[in-house]
Amino acid sequence: MTDASENTGPMLAADGTPLKQSLARSLRRQKLRALMLVAPLLLFVMFSFIVPIASMLFRSVENSIVQETLPLTVEALQNWDESSGELPDEAVYDAFVRDMVVAVDNKTHTRLGSRLNYEETGMSSMFRRSGRKMGKLDPETDGPFKDQVIEIHDGWGEPKTWAVIKTHSPAVTNGYFLNAVDMRRTPEGAQAQPEDKQILIKLFGRTLFMSLVITASCILLAYPVSYLLATLPMRVSNLLMILVLLPFWTSLLVRTSAWKVMLQQQGVINETLVWLGLVADDARLVIINNQFGTIIAMTHILLPFMILPMYSVMQTIPESYTRAAKSMGATNWTTFWRIYFPQSIPGIGAGSILVFILAIGYYITPEIVGGTKGVFISNRIAYHISSSLNWGLAAALGTILLAVVLLLYWVYDKIVGIDNVKLG
Amino acid sequence: MKPTKTMLTAAVLATAAGGVSAEEMTIVSWGGAYSKSQLKAYHEPYSEKTGVTILNDDSSAEAVAKLRAMNEAGNITWDVVDVVAADAIRLCDEGLAMEIDPDTMLAPAPDGTSAADDFGDLLVSDCFIPQIVYSTTFGYRTDLVGDTPPTDICAVFDLEAYPGKRSLEKRPINNMEWALLCDGVAKEDVYDVLATPEGQEQALAKLDTIKDSVVWWSAGADTPQLLADGEVVMGSTYNGRLFSVIEEQKQPVAMLWDAQVFDLDGWIIPAGLSDERKARALDYIMFATDTQRLADQAKYISYGPARASSAPLVGQHAELGIDMAPHMPTDPENAKNTFLYNYEFWADYRDDIDAKFQAWLAQ
């Protein structure tokens, strides 16, 4: 009281430094310690998640192979007008031979052939067949080359070949993204693919539609089960819980193949129906190798991902609320619809996001039970990764899928609100 | 046999160095009965002879993509890889497989014929060492085809004579050829026709006539299972799979053989191995693709050896005790009407026709 003047000066900590400074320092130390604790996880996420995704995004536009393999040709082609309908002049052929001699020596010409074959059928064998003979030419003494090169393979005498090389020469390309939406890069700009090759947009649409149907059927089936699990006595509900989790402990392939045994035309369900006389022997139901089969099998496989979040949310809904509603004269339906259901929505939301995002990326199950009309876009991605080796297109498809998921997430946030999602 | 302690030390050292020790090599193959036949015919005798431990990796189905990823990462963990010829060509094009000189790197036949002549036309790529000839052909249920079992390939397209479902592979290769063949195109013209958009439309139109009766498969085990369940009347698959359905499982199934498509399977050595590993891989290849070894494999699986000099040495099945020669796709009785997979054509047209085929499937 008497030393009021002392309080106007800076407050000092025990060691004499100003309190504010000391506090900041100790907070900083705390933050640093916390950061060090999460550092392993951060680095793990960084290297196993963010870096691969970034490199995938980059791969969908990366196209340096043409410039790297044929640097002189690409430069010489800048002076050629592909719309003239005429062949490029000797300068281009001369540059091409110089590039090819180096490429054949490094064995990169066939690689470029595979790359360009995605755009123009036949380029792969043109580069492979021409390689050996062109590698033997001497750029300094054997010219002029135009006729010699066309002699080696008549494909080099077609203006179209050079137009393809020129069109796809930029190191960064939108070509893969155009391909991913059933279009292609041409000298005249982006054009639609021929109708008999358009399939990817359709598959995107089908993937989204079927994932929505699967999510909806999961909600319908999981809601009553979760309700039972949350309201039954502990002993019974634990037993039921094991039944829900049991499929988790079985291999995905086994579960999918089991559906095959169940649903095929000589399968358990059809046999039973025929035996009961409900279905004629020659009119057995087709319930697999189509969309229906995919929906059934995937709903079954993804069901636990819906039940678990729903269950943990429902468990937290106090029973006293429903009792209170009933005591005030609400009917069973009103109690459920006005009191119980609104409180369970966060569980539905969490489960739906989980199931939908998992469903959109599935490919093994659709491949096995989907037949022709039940396959997803992921099946094409898998094809381009492992069979055609067109990783650029696969990356573009993956990027679009990622963008669609983020977009839907945003829409969900606008409509339902992402805060309204709980895992328990 | 080396003392266990040394081997343990070597293993520990190898683990510590994160690499492969001098005593180990990783061989990649398809798994199942096929890997077993290689284990018996190649790996076990080789390990016995040299003391090298062979690790099996059943990744051949994804070999091309994985080798490319390994190559980009700069860490190749495989020493020898079993792939089909089409994949070998692709790997060679991508610079992911090593080129092989048959005269210096492969053993000559016992009578002195050079390896290049002994393998002959089957050396379809500079990087490829053929091992077996297999075929994709049809099997049918003998109890579901009535009194006149099918004898030619066009039975597949004949829904009136042979009603019921058929299983075909979910890709254009082989199906397009068979469709054209049964639509009146002469065998020697098939690929010329298929190279044109009209020819591709023609093939798809022919397939369209049976589209509603087709079950599409993507794994080699599907057709045998579908046949055994009676789900399909006939279906295409690899001849070795049908052999096991017919002879090992004794199902009422028979082979059609007509217009069977020959294909090759064999080894490649990844490019970019260290000198030491390369030498070991080459040593293994020299051993495992000699005349006797290739003939030995046919004791365990019904695929034909790729060397001409191995054919006379093919004996009996190791467990069933039946003669294997009549079950080989190359047996004259079976090979009356055959096709050879046209590698160059499909390397060019695969992506284009596959896009059209998938679009057609999705209609």
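Note that the structure is predicted; figures quoted are calculated from it, not measured.

*Asks:* Lay out empty space enclosed by the protein with the relevant residues and their values.
*Replies:* This model, assessed by the stated rule, comprises one cavity of 30 Å³ or more. Counted as a void, the largest cavity has a volume near 170 Å³. Forming the boundary of the largest cavity are 18 residues, of which Ser124 and Arg128 of chain A together with Arg90, Asp93 and Ala347 of chain B lie nearest the centre. Of the residues assigned to the lining of the largest cavity, the class counts are eight nonpolar, four polar and six charged.

*Asks:* Please give an account of a nonpolar patch on the surface that cites residues and values.
*Replies:* Where nonpolar side chains cluster on the molecular surface, the patch consists of Leu41, Leu43, Phe44, Val45, Met46, Phe47, Phe49, Ile50 and Val51 of chain A and spans about 890 Å² of accessible area. The topology assignment puts Leu43 of chain A in helix 2 (residues 19–59).

*Asks:* Describe the interface of chain B and chain A, naming the residues involved and giving the relevant values.
*Replies:* How large an interface is tends to be reported as the accessible area lost when its parts come together. The interface of chain B with chain A comprises 37 residues on the first partner and 38 residues on the second. Our count for the contact surface shared by chain B and chain A stands at nine salt bridges. Note that Arg128 of chain A and Asp93 of chain B form a salt bridge whose closest N and O atoms lie 3.0 Å from each other. The interface formed by chain B and chain A holds 23 residue pairs in polar contact (both at pLDDT 80 or more) in total. Elements supplying a minimum of two residues to the side of chain B that touches chain A: helix 3 (63–73), helix 4 (85–93), strand 6 (214–217), helix 10 (222–229) and helix 14 (343–362) of chain B. Ranked by residues supplied to the side of chain B that touches chain A, first place goes to helix 14 of chain B with 14 residues.

*Asks:* Could you give me a rundown of unusual backbone geometry, with the residues and numbers involved?
*Replies:* Residue and element names in this part refer to chain A. Non-glycine residue Leu389 carries a positive phi angle of around 60 degrees. Its place among the elements puts Leu389 in the loop between helix 19 (377–386) and helix 20 (391–415). What makes Leu389 buried here is its relative accessible area of 1%.

*Asks:* Go over the environment of Thr294 of chain A, please, and point to the residues and values.
*Replies:* All names here are of chain A. Relative to the elements of secondary structure, Thr294 occurs in helix 15 (residues 291–315). Take Thr294: its relative accessible area is 0%, and that puts it in the buried class. It is 8.0 Å that separates the C-alpha atoms of Thr294 and Val375, two residues lying 81 residues apart in sequence. Beyond its immediate chain neighbours, meaning those up to four positions away, Thr294 contacts Met210, Pro366, Val369, Gly370, Gly374 and Phe376.

*Asks:* Describe helix 10 of chain B, listing the residues and the values that go with them.
*Replies:* Turning to helix 10 of chain B, its buried residues are Asp222, Thr223, Pro224, Leu226 and Leu227 of chain B. Gly230 of chain B sits one or two residues past helix 10 of chain B and shows a positive phi near 75 degrees.

Conventions and cut-offs
- Residues numbered from 1 in each chain as written.
- Chains lettered and ligands numbered in written order.
- Predicted model: local features only at pLDDT ≥ 70, side-chain atom pairs only at ≥ 80, totals over all residues.
- Heavy atoms only, no water.
- 1 Å grid on protein atoms, 1.4 Å probe; cavity = no way out; pocket = protein on both sides within 12 Å on 5 of 7 lines; lining within 4 Å.
- Points joined across faces, edges and corners; volume = space filled by probe spheres on them.
- Nonpolar A, V, L, I, M, F, W, Y, C, P; charged D, E, K, R; others polar.
- Patch = residues over 30% accessible without salt bridge, like charges linked within 9 Å, V, L, I, M, F, W, Y side chains within 5 Å.
- Areas by Shrake-Rupley, 256 points an atom, 1.4 Å probe, with all protein chains shown as cover.
- Salt bridge = Lys/Arg side-chain N within 4 Å of Asp/Glu carboxyl O.
- Helix = DSSP H or I, 4+ residues; strand = E, 2+ residues; numbered from the N terminus.
- Contact = heavy atoms within 4.5 Å.
- Polar contact = N/O pair within 3.5 Å; in protein donor to acceptor, adjacent residues only side chain to side chain.
- Buried < 20%, exposed > 50% of the residue type's maximum accessible area, 1.4 Å probe, protein only.

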